[in-house]
Amino acid sequence: MQASRWRSLLAACLLACALPCALAVECIVPAKPGGGMDASCKLLRRVMQEQGSKEAFNLSYLPGGIGAVAWGSVAAQRRGGPDSLVAFSGGSLLGLAQGKYGRADVSDVRWVAGIGIDHGMVAVRSDAPWHDLKQLLQAMRKDPASVTVGLSGTVGSQDWLKFSMLTARAGMAPRQFRFVALEGGGDSFAALQAGHVQVVSGDASEAAHFIAEGRVRILAVLSEQRLPGLLKHVPTAREQGYEVVWPIIRGFYMSPHVSEASYRYWVRYFDKALADPAFDRQRSQSGLQPFAMTGKPLSDYVAQAVARYRKQSQELGLVR
């Protein structure tokens, strides 16, 4: 009788272990603290806490190659289990398209959820001499060596590309401007505050709390219309005569080695969470605009985006 009970208990335990039952959620940030992907994980943590989740929520930082190190670790099963989510952005998709993740393919991971749209922006310190985008670009055109731009990644990264588009529309050759390649938005803003760079080409969500603290001035957002919230008074680049718009998807993917049950669990979780007004409120506070897509539709969206980025990058000679 005792043996039968133990066999029943063991069977129940094995069944429980086979199901997605989170003791601790891990959110992997493929960059250093302070950037947009860090903000995505912290947004998810706030939402889960507001929903009354009892699971621990751990942030793990895995910087390197603007997402390449995290991608390689997760795809090769060195990191990432059934309760591990990895933050990604449009910059991740651009790096994938340009071959910066090695011989990687969009099917190497499982795309879980797109949770919001970010936009590019141009920032300077609050005590900088430039008060709008035109003043900055005119100063750079007059003396390109006088201004250094901090950005995530090197030549061909999304921060480099969007600032190159602005300088091109100001009559400069894109490769004229001086830049410092950094690992994520957190490093870019740290360099700006320390005076190592005079300008940051980054994302609106990265600048949100610096704006609240009065430490930076945003000269332009690269959106079709002005953004709500903290950046509602910041003009777009379009308004200032520079036709540059740069939207950025933010979301999460998982290891390809997790079970179908674990993957479907998280897809269902985001389907429900993204329909909750609480998520919309937290997303807005994070400087993101509405976007909600999960599972196969997101996988298709990502594949199309990577193909589009690859074509654009090939035309610019940026594909490895």
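On to the environment of Ala303, then. The residue Ala303 is located in helix H11 (residues 295–315) in this model. In this structure Ala303 comes out as partly exposed when scored by relative accessible area, which is 32%. Between the C-alpha atom of Ala303 and that of Phe210, which follows or precedes it by 93 residues, the distance is 34 Å.

Bringing the state of the cysteines into the picture now. The bond known as a disulfide is covalent and runs between the sulfur atoms of two cysteines. Taken as a whole and judged by the stated rule, the model has 1 disulfide. Here Cys27 is linked by a disulfide to Cys41, with a sulfur-sulfur distance of 2.1 Å. Disulfide Cys27 to Cys41: torsion about the S-S bond roughly -75 degrees, handedness left-handed. Here Cys27, found in strand E1 (residues 24–29), pairs with Cys41, found in helix H2 (residues 36–50); they are 14 residues apart in sequence, far enough to count as distant. Judged by its relative accessible area of 0%, Cys27 falls in the buried class.

To continue, consider the pattern of salt bridges. Under the defined criterion, the tally for this structure stands at 15 salt bridges. Note that Glu213 and Arg215 form a salt bridge whose closest N and O atoms lie 2.5 Å from each other. Of the residues examined, Arg215 reaches a relative accessible area of 32% and is grouped as partly exposed. Two residues, Glu239 and Arg226, come together in a salt bridge whose shortest N-O distance is 2.9 Å. Note that Glu239 is positioned in the loop between strand E8 (216–222) and strand E9 (247–254) and Arg226 in the loop between E8 and E9, a separation of 13 residues in sequence. Using a relative accessible area of 46% as the deciding quantity, one classes Glu239 as partly exposed. Looking at Arg226, the relative accessible area reads 40%, which means it is partly exposed. Connected through shared salt-bridge partners, Asp118, Asp159, Lys162, Asp203 and Arg250 make up one network.

The subject of this paragraph is the environment of Gly114. Mapped onto the elements, Gly114 comes out in strand E4 (residues 110–125). Looking at Gly114, the relative accessible area reads 0%, which means it is buried. In the structure, Gly114 is positioned 63 residues away from Phe177 in sequence and 33 Å away in space, judged by C-alpha atoms. Once residues within four sequence positions are removed from consideration, Gly114 is found in contact with Ile249, Arg250, Gly251, Leu274, Phe291, Ala292, Met293 and Leu298.

With that settled, consider the environment of Phe189. Mapped onto the elements, Phe189 comes out in helix H7 (residues 185–194). Expressed as a C-alpha distance, the spacing of Phe189 and Val200, which sit 11 residues apart in the sequence, is 6.9 Å. Filtering out sequence-adjacent residues up to four positions away, Phe189 remains in contact with Met121, Ala123, Val200, Glu206, Ala207, Phe210 and Val216.

Here we take up helix H6 (residues 158–169). For H6, spanning 12 residues, the distance from its first C-alpha to its last is 17 Å, which sits close to the expected 16 Å at 1.5 Å a residue. The buried fraction of H6 is high, at 9 of 12 residues. For H6, the complete set of buried residues consists of Gln158, Asp159, Trp160, Leu161, Lys162, Phe163, Ser164, Leu166 and Thr167. Two residues or fewer after H6 comes Gly171, characterised by a positive phi angle close to 90 degrees.

This part takes up the confidence of the model for the chain. Across the chain, the average pLDDT comes to 89, with 92% of residues at 70 or higher. Mean pLDDT per element in the chain: helix H1 (residues 2–18) is the minimum at 42, and strand E10 (residues 293–294) is the maximum at 98. Overall, residues 1–20 carries pLDDT values under 50, and its contacts beyond four positions in sequence, including any with other chains, amount to 4 contacts.

What follows concerns the pairing of E1. Among the 6 residues in E1, 5 count as buried, and that is most of the element. Pairing geometry for E1 and strand E2 (residues 56–61), over 6 bridges, is parallel. By the bridge assignment, Glu26 is partnered in E2 with Asn58. Viewed along the sheet, the connection from E1 through H2 into E2 turns out right-handed. Taken together, the 3 bridges between E1 and strand E3 (residues 84–89) define a ladder with parallel strand orientation. Looking across to E3, one finds that Glu26 is bridged to Ser84.

With that out of the way, let us pick up the packing of helix H4 (residues 90–97) against H11. Their axes nearest at 8 Å, the elements H4 and H11 cross at an angle of 60 degrees. One finds that H4 runs oblique with respect to H11. Handedness of the crossing formed by H4 with H11: right-handed. Across the interface between the two elements, Gly90, Leu93, Leu94, Leu96 and Ala97 of H4 pack against Val302, Ala305, Val306, Tyr309, Arg310 and Ser313 of H11.

Calculation notes
- Residues numbered from 1 in each chain as written.
- Predicted model: local features only at pLDDT ≥ 70, side-chain atom pairs only at ≥ 80, totals over all residues.
- Heavy atoms only, no water.
- Helix = DSSP H or I, 4+ residues; strand = E, 2+ residues; numbered from the N terminus.
- Buried < 20%, exposed > 50% of the residue type's maximum accessible area, 1.4 Å probe, protein only.
- Disulfide = S-S within 2.5 Å.
- Salt bridge = Lys/Arg side-chain N within 4 Å of Asp/Glu carboxyl O.
- Contact = heavy atoms within 4.5 Å.
- Expected span 1.5 Å × (residues − 1).
- pLDDT = per-residue confidence, 0-100.
- Pairing = 2+ DSSP bridges.
- Right-handed = clockwise from strand over helix to strand, strands pointing away.
- Axes fitted to C-alpha atoms, helices over the stretch in contact; angles between N-to-C directions.
- Parallel < 35°, antiparallel > 145°, perpendicular 65-115°, else oblique.
- Left-handed = near helix turned anticlockwise from the far one by under 90°.

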